[in-house]
Amino acid sequence: MKEYELVVGMEIHAQLLTKTKFFCSCPSRFGDAPNTNTCPVCLSHPGTLPVINKAAIEKVIKAGVAFNCTINPVSIFARKNYFYPDLPKGYQISQYESPICSDGYFEILTKNGEMKKIRIRRIHLEEDAGKLMHENFRNSSLVDLNRAGTPLMEMVTEPDFSSSDEVHDFLTQLRRILRYLNVCDGNMEEGSLRCEPNISIRPPGTSELGVKVELKNINSFKAAKRGIEHEYRRQVLSLDMGEKLLQQTRGWDDNKGESFLMRVKEDAHDYRYFPDPDLLPLKVPQSLTDTVKASMEELPEARKRRLINDFGLQENDADVICSEKSYAAYFEETASQCGDSKMAANWFMGEILRVLKTESDLASFPIQPARLAALVRMIRNSSISGTIAKKVFEIMLTKSDSPENIVADHGLSVIGDDSAILQAVSEIITEFPDQVSQYVSGKDKVFGFIIGQAMRKMKGKADPAKLNQIMKNELEKRR
Ligand SMILES: [Zn+2]
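Just so you know, these numbers come straight off a predicted model, no measurement behind them. (Residues numbered from 1 in each chain as written. Predicted model: local features only at pLDDT ≥ 70, side-chain atom pairs only at ≥ 80, totals over all residues. Heavy atoms only, no water.)

> Describe the nonpolar core, with residues and values.
The biggest cluster of nonpolar side chains holds 58 residues, and the ones touching the most others in it are F67, M153, F170, L171 and L178. Considering each element in turn, this core owes the most residues, 7 residues, to helix α1 (residues 54-66). Setting aside residues up to four positions removed in sequence, M153 forms contacts with I12, H13, A14, L16, V60, A63, I123, H124, L178 and V183. Counting residues in hydrophobic clusters, the runner-up holds 42 residues, among them L353, V392, I406 and L412. (Core = buried A, V, L, I, M, F, W, Y, C linked by side-chain atoms within 4.5 Å. Buried < 20%, exposed > 50% of the residue type's maximum accessible area, 1.4 Å probe, protein only. Helix = DSSP H or I, 4+ residues; strand = E, 2+ residues; numbered from the N terminus. Contact = heavy atoms within 4.5 Å.)

So, in structure tokens, the structure goes:
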């Protein structure tokens, strides 16, 4: 088997988070009853004319700035002509020769710890088509035009990826940025973020590009990775068997783990692009680009570095906490309010993420930062132990009371009474003679076990510092 190098370029479609569609004022919401968000413009009735949604332009400029693109002062909308039942006009309004953003780049951190630059050829604007539904309609298909005319940005990278891992890392970071900037919600299941890899292979060390295959129907980053790996193997196998590779569009079946042929060779000229006579060239004044730049939210990587510097977070924790803007905001608020960023991080990485697995949404999370900070403060001033704090946390998930009230109501305050602690210590010393004699004969490690038992006996309510001290004293007497 000969060796081949993998070459991948990416096309990414992201639905822009605008309230209304690109060229009319219909809502661009997902999930409404079919064909309720339509009007003569997006249904392409004769005599209607498109009017550009400024919010869509601002969102794509944001993305362009984040990916280091040139924001072009003039760009042109073009008609991409093709027939499909979900496209009432018979053409899609897109941008062809003159996109709004061009010549950008993005750096990804690769698995071997190096930064790799991925060049962004262009980001252009276009409208989405409607949606065909083929299921459950007695052998017929129905069309829903709610999505017709919603604004999309399409990003095209240069073929700079040389492994499926690099693509996966890029997509993860891209999605994170688009979500941070509120440009796209990044929901792949609902189709608001879609990606199509262009895959080819070539002998190592050569620079000429091989025949590319475009892969469609990818609905997760994992599927993108699997699809690219499968396509690489398929192409290598074809060449090894002496076959000639053809430029194709193939679909990806993630259940079967296979790609299948959709159509052979289609080029840009097949779409007969021409400037849309209904839309003037789009002028983006420098002042608009400057305004958008000035209002840019902090990007995830910058926030991560700041949290590491300002709060002393570990790299891994910072990575998880900054994976969502809402996570980072929650952590920052908790840490500032409780004054202990290490504890705030531990609680976030432990309890909050655990509960979020089932609740999923931090905005409606029952414990908001102020209450968690209050709980952390109680541990810090030794009003409760860590064990009790976890109990209080569980109660806080269903009760809106302050942690102070919950501790009082449930009798969970720490026991600092010497005689009560001494009582428990004596009992444990009697109950665990083996461990006690091990400790007495110099095996210090067993101390943790003995203390654990004593804390258990006191139902986690003993003042930890006092318990430690009294236990030490009692055990020393026997040495
Ligand atoms: Zn409309």
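> Break down the side chain of E166 for me, with residues and values.
Mapped onto the secondary structure, E166 falls in helix α2 (residues 164-180). Residue classification places E166 among the buried positions, given a relative accessible area of 11%. Within polar-contact distance, the side chain of E166 engages the side chain of K116 at 3.0 Å. Contact partners of E166, with chain neighbours within four places excluded, come to I108, T110, K116, D160 and F161. (Polar contact = N/O pair within 3.5 Å; in protein donor to acceptor, adjacent residues only side chain to side chain.)

> Explain the packing of α1 against helix α4 (residues 286-294) to me, using residue names and the numbers behind them.
For the pair α1 and α4, the least separation of the axes is 10 Å and the interaxial angle reads 65 degrees. Between α1 and α4, the interaxial angle falls into the category roughly perpendicular. Seen from above, α1 lies across α4 with right-handed handedness. In contact with K54, I57, E58, I61, K62 and V65 of α1, α4 contributes L288, T289, V292 and K293. When the residues that make up the contact of α1 with α4 are grouped by side-chain class, the tally is 5 nonpolar, 1 polar and 4 charged. (Axes fitted to C-alpha atoms, helices over the stretch in contact; angles between N-to-C directions. Parallel < 35°, antiparallel > 145°, perpendicular 65-115°, else oblique. Left-handed = near helix turned anticlockwise from the far one by under 90°. Nonpolar A, V, L, I, M, F, W, Y, C, P; charged D, E, K, R; others polar.)

> Outline the domain arrangement of the chain, listing residues and values.
If you check the domain split of the chain, you get domain 1 (5-291), domain 2 (298-409) and domain 3 (418-478). Computed from C-alpha atoms alone, the centre-to-centre distance between domain 1 and domain 3 is 65 Å. (Domains from an automatic or database assignment.)

> Go over the pattern of salt bridges, please, and point to the residues and values.
In this structure the tally under the stated criterion is 36 salt bridges. Close ionic contact of R306 with E298 constitutes a salt bridge, the shortest N to O distance being 2.9 Å. When its relative accessible area of 31% is taken as the criterion, E298 is described as partly exposed. Measuring nitrogen to oxygen at the nearest pair gives 2.9 Å for the salt bridge that ties E431 to K457. Here E431, found in helix α12 (residues 418-431), pairs with K457, found in helix α14 (residues 447-457); they are 26 residues apart in sequence, far enough to count as distant. Residue classification places K457 among the partly exposed residues on the basis of a relative accessible area of 31%. Within this structure, R176, E301, K304, R305, E315 and D319 form a network of salt bridges that share partners. (Salt bridge = Lys/Arg side-chain N within 4 Å of Asp/Glu carboxyl O.)

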